[in-house]
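The residues making up each chain are set out below.
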Amino acid sequence: MPLEPLFFKSGERSLFGIFEPAQRPCKCVAVICNAFEPEHVGCHRALKKLGERLTRLGIDVFRFDFAGMGDSSGDFGRMDMTQWQTDVNAAVDLARRRFRCRKVVLLGVRMGATMAALTCASRGDIHAAVLWEPVLDGATFVDDQRTVHNTPTPDGILLPPIKTDTDGITEIVGLRFTDPLLAAFAETSLADLVWPPHTKVQVVTNMADASSPRVAELLAAQDIDFEHIHVKSPLVWIDHEQVPGAVLQAISEWVQKQL
Amino acid sequence: MNAATTTYNEQPCLIGPEQSLIGVLTMPETVNKPAVILLNAGMLHRVGPNRCYVKWARWLAELGYPVLRFDSSGLGDSSISQSTADYDERIHEETAWAMAAVTKACGSDRFILGGLCLGAVNALLAASHEPQVCGVVMQNPQFLDEDELTSYVEARNWRYWRRVLFTPERWKQFFFGQADYKMILSRLRGFFIRKDAVNDIADDIVARFSVLIERGTSILLVNSALDVSRDYLDVMMRDRAAEFQATGRMTIEEITDCDHLFTTSDSQKLFLDMFIRWSDACRTES
């Protein structure tokens, strides 16, 4: 089936998304939230492959870019968490209308998973969610980017030191953080998240020493239908040339079982 | 750029006879410059590394350039090609489809092809077949992934050896199993490759530059000072860079403190300034 790229509204912003109709009669729609910049570009290929697997299983897919990221409108530094949560809601509502599906599975990777989790908790109509290497909190995400910024490339090249300019902008790996945006990241956390009891959830982790296993522990302590799977696999948000087949298989098999 | 002040609009674009390639066209309010087409940077999709293609497209559209960012077959959101054509032909064919899509959307019939890394090389390949191309912009060109060539050039990247050999952390990684041994081996192997082995590829590149220059097409080559693409260029030009620049059709620029992927916003803006200066100079001349 041909892909259907489009721009759609999320509040004042125009977001880019792609519909991928299922290859056989549809059971539900999967809405895929990509990672935040600068990890977004590395995850694109793996999420496209994930979408292809899901459409083969009879699941409609809608992938979209958050405001200020990818093909969507706006600059990253001018966004806030409210906008990004509005984006997930707008994508879910649009996908449900387009495919006339009641059942929605929400998938996200890294900060995309964090935003997907927050959205699941705030609305009661998500059937299942897949959180792939979720980031426990926004402060961890910013710290991760600082680490990337301060690590030499394989060629031994280092970016200029991180500093805050006279306009109060702190640039980290090309992302221009304002003070309010840094504060918004600092306030964003899954630590106190109460998961809706009827929404099934799978957490997929690749890094044993990251914050994602902590998210899995927090969810495991709640009385919900929950699976945690750890897969040692290339980290696509860092190494975009790899396709993590084992991760994609684990996710698509779990999603199929939930229908 | 604020949504309230933008003077462009963006639309998704399905390209090719089977609409199998996907792109985004950024349209200015008034088209008064040649259309720009950006080709994939390596395997990355049309937004480019650090979203730089998106930013460049929007900034250029504010100045009157329509800009198409699209995914070649098998990259980004585009389907894998069923074509049996060789690489060069396929890149040319798909770029010609992209040009046709832009002409249909906004009437532009003059084009600037551009790209980063492999996208730069693909821009050169496609431009050499297309007389409608009035400009080629090549950022950090890294040529086709020929093992011999890559090993040859990277082995002779002295800045790399200097950075690595004098960094204690690198030695620690080497001795504790954390180094990229495959890459190190490939670079060492390059010392045993003779220059003759890479001259065929270089001759082809030089021939393409010559075609463009004779045709009156302007070329902007931008290298990051820290990047290995400078070394690629030295090999590829076969000592003819000065001759090409003397024609007035080739401009070579360098950006200091800039990595291969134009990560910092300063380097992205510096590139844009170079592009605008070069493009204005080309238009004045023509």
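Please refer to the structure higher up on the page.
Residues numbered from 1 in each chain as written. Chains lettered and ligands numbered in written order. Predicted model: local features only at pLDDT ≥ 70, side-chain atom pairs only at ≥ 80, totals over all residues.

Draft legend 1. Quick look at the overall build of chain A. Along its length, chain A carries seven helices and ten strands. Relative to the compact-globule value of 18 Å for 259 residues, chain A shows a C-alpha radius of gyration of 18 Å, a close match. By principal-axis analysis of the C-alpha atoms, chain A measures approximately 55 × 35 × 35 Å. Expressed as a percentage of contacts within chain A between residues at least 6 apart in sequence, the contacts between residues at least 24 apart total 70%. (Helix = DSSP H or I, 4+ residues; strand = E, 2+ residues; numbered from the N terminus. Rg over C-alpha atoms; globule rule 2.2 N^0.38 Å. Contact = placed C-beta atoms within 7 Å.)

Draft legend 2. Fine view of the overall build of chain B. Scanning chain B for helices and strands turns up eleven helices and eight strands. Relative to the 2.2 N^0.38 estimate, which gives 19 Å for 286 residues, the radius of gyration of chain B is 19 Å and therefore close to what a compact globule would have. On the principal axes, the C-alpha backbone points of chain B span a range of 55 × 40 × 40 Å. In chain B, buried positions account for 46% of the 286 residues. Partitioning the contacts of chain B with sequence separation of at least 6, the portion at a separation of at least 24 is 71%. (Buried ≥ 20, exposed ≤ 12 C-beta atoms within 10 Å, placed from the backbone.)

Draft legend 3. Region of interest: helix H2 (residues 87–106) of chain B. All names here are of chain B. With 20 residues, H2 ought to run about 28 Å at 1.5 Å a step, and its terminal C-alpha atoms sit 29 Å apart, in line with that. The set of residues buried in H2 consists of Ile-91, Glu-94, Thr-95, Ala-98, Met-99, Ala-101 and Val-102. Axial view of H2: buried residues confined to an arc of 155°, hence all on one face. Where the residues of H2 are buried, they touch strand E1 (8–15), strand E2 (21–28), strand E3 (35–39), strand E4 (67–70), strand E5 (111–116) and helix H3 (118–127). Directly after H2, the chain includes Gly-107, whose backbone phi takes a positive value near 80°. (Expected span 1.5 Å × (residues − 1). Arc of directions from axis to C-beta.)

Draft legend 4. Up close: the packing of helix H2 (residues 81–99) of chain A against helix H3 (residues 111–122) of chain A. Residues and elements named next belong to chain A. Closest axis-to-axis distance for the H2/H3 pair is 9 Å, and the angle between their directions is 70°. In terms of axis orientation, H2 runs roughly perpendicular to H3. Contacts between H2 and H3 involve Trp-84, Gln-85, Val-88 and Asn-89 on the former and, on the latter, Met-115, Ala-116, Leu-118 and Thr-119. (Axes fitted to C-alpha atoms, helices over the stretch in contact; angles between N-to-C directions. Parallel < 35°, antiparallel > 145°, perpendicular 65-115°, else oblique.)

Draft legend 5. Main features of the sheet that holds strand E1 (residues 4–10) of chain A. Residue and element names in this part refer to chain A. Taken together, eight strands build an open sheet; the order of strands is E1-E2-E4-E3-E5-E6-E9-E10 and the sheet is mixed. Each end of this open sheet is capped by a strand with a single partner; those strands are E1 and strand E10 (226–230). Direction aside, neighbouring strands of the sheet carry axes that sit 20° apart on average. Here strand E2 (residues 13–20) pairs with strand E4 (residues 59–64) via four bridges, running antiparallel. Paired with Ile-18 across the two strands is Arg-63, which belongs to E4. (Pairing = 2+ DSSP bridges.)

Draft legend 6. Seen up close, the sheet that holds E1(B). Residues and elements named next belong to chain B. Spatially, eight strands are ordered E1-E2-E4-E3-E5-E6-E7-E8 in an open sheet, and the strand pairing comes out mixed. On the outer flanks of this sheet lie E1 and strand E8 (250–255), each paired with one strand and no other. For this sheet, the mean inter-axis angle between neighbouring strands, taken without regard to orientation, is 20°. Bridge count for E1 against E2 is eight bridges, and the pairing is antiparallel.

Draft legend 7. Summary view of unusual backbone geometry. Here the amide bond leading from A:Glu37 into A:Pro38 is cis, since omega sits at 0°, within 30 degrees of zero. Along the chain, A:Pro38 falls in the loop between strand E3 (28–33) and helix H1 (40–56).

Draft legend 8. View of the interface of chain A and chain B. Counting from both sides, the interface comprises 31 residues of chain A and, opposite them, 31 residues of chain B. Of the residues belonging to the side of chain A that touches chain B, the class tally is 13 nonpolar, eight polar and ten charged. (Nonpolar A, V, L, I, M, F, W, Y, C, P; charged D, E, K, R; others polar.)

Draft legend 9. Summary view of the pairing of E4(B). Residue and element names in this part refer to chain B. The alternating pattern of E4 places Val-67 and Arg-69 on one face and Leu-68 and Phe-70 on the opposite face, and all of these are buried. Sheet topology places E2 next to E4; four bridges connect them, and they run antiparallel. In the sheet register, Leu-25 faces E4, and the bridge partner there is Leu-68. Bridge count between E3 and E4: three bridges; the pairing is parallel. Residue pairing in the sheet places Val-36 in a bridge with Val-67 of E4. You can see the chain leave E3, run along helix H1 (residues 52–62) and come back into E4, and the turn it takes is right-handed. (Right-handed = clockwise from strand over helix to strand, strands pointing away.)

Draft legend 10. Geometry of the nonpolar core. Counting 152 residues, the largest nonpolar core has A:Val31, A:Ala116, A:Ala129 and B:Ile37 as the members making the most contacts within it. Top contributing element to this core by residue count: H3(B), with eight residues. Not counting the four nearest positions on each side in its chain, A:Ala116 is found in contact with A:Cys33, A:Val88, A:Leu106, A:Leu107, A:Gly108, A:Ala129 and A:Leu131. (Core = buried A, V, L, I, M, F, W, Y, C linked by C-beta atoms within 7 Å.)

Draft legend 11. Spatial organisation of the pairing of E3(B). Counting buried residues along E3(B), five of its five residues qualify, which places the element largely inside the surrounding structure. What you see with E3(B) is no split at all: B:Ala35, B:Ile37 and B:Leu39 on one side and B:Val36 and B:Leu38 on the other are buried throughout.

Draft legend 12. Seen up close, the packing of H1(A) against helix H7 (residues 245–257) of chain A. Residues and elements named next belong to chain A. One way to put it is that H1 packs onto H7 with a least axis distance of 10 Å and a crossing angle of 35°. For the pair H1 and H7, the sense of crossing is right-handed. Between H1, through Ala-46, Lys-49, Leu-50, Arg-53 and Leu-54, and H7, the contact on the second element is made entirely by Leu-248, Ile-251, Ser-252 and Val-255. Tallied by class, the residues present in the contact of H1 with H7 amount to six nonpolar, one polar and two charged. (Left-handed = near helix turned anticlockwise from the far one by under 90°.)

Draft legend 13. Representation of the environment of B:Phe209 within the structure. Residues and elements named next belong to chain B. Positionally, Phe-209 belongs in helix H8 (residues 196–215). Placed 84 residues apart in sequence, Phe-209 and Leu-125 show a C-alpha to C-alpha distance of 9.5 Å. Ignoring any residue separated from it by four or fewer positions in sequence, one finds Phe-209 in contact with Ile-219 and Phe-244.

Read these as spatial facts, not as claims about activity.
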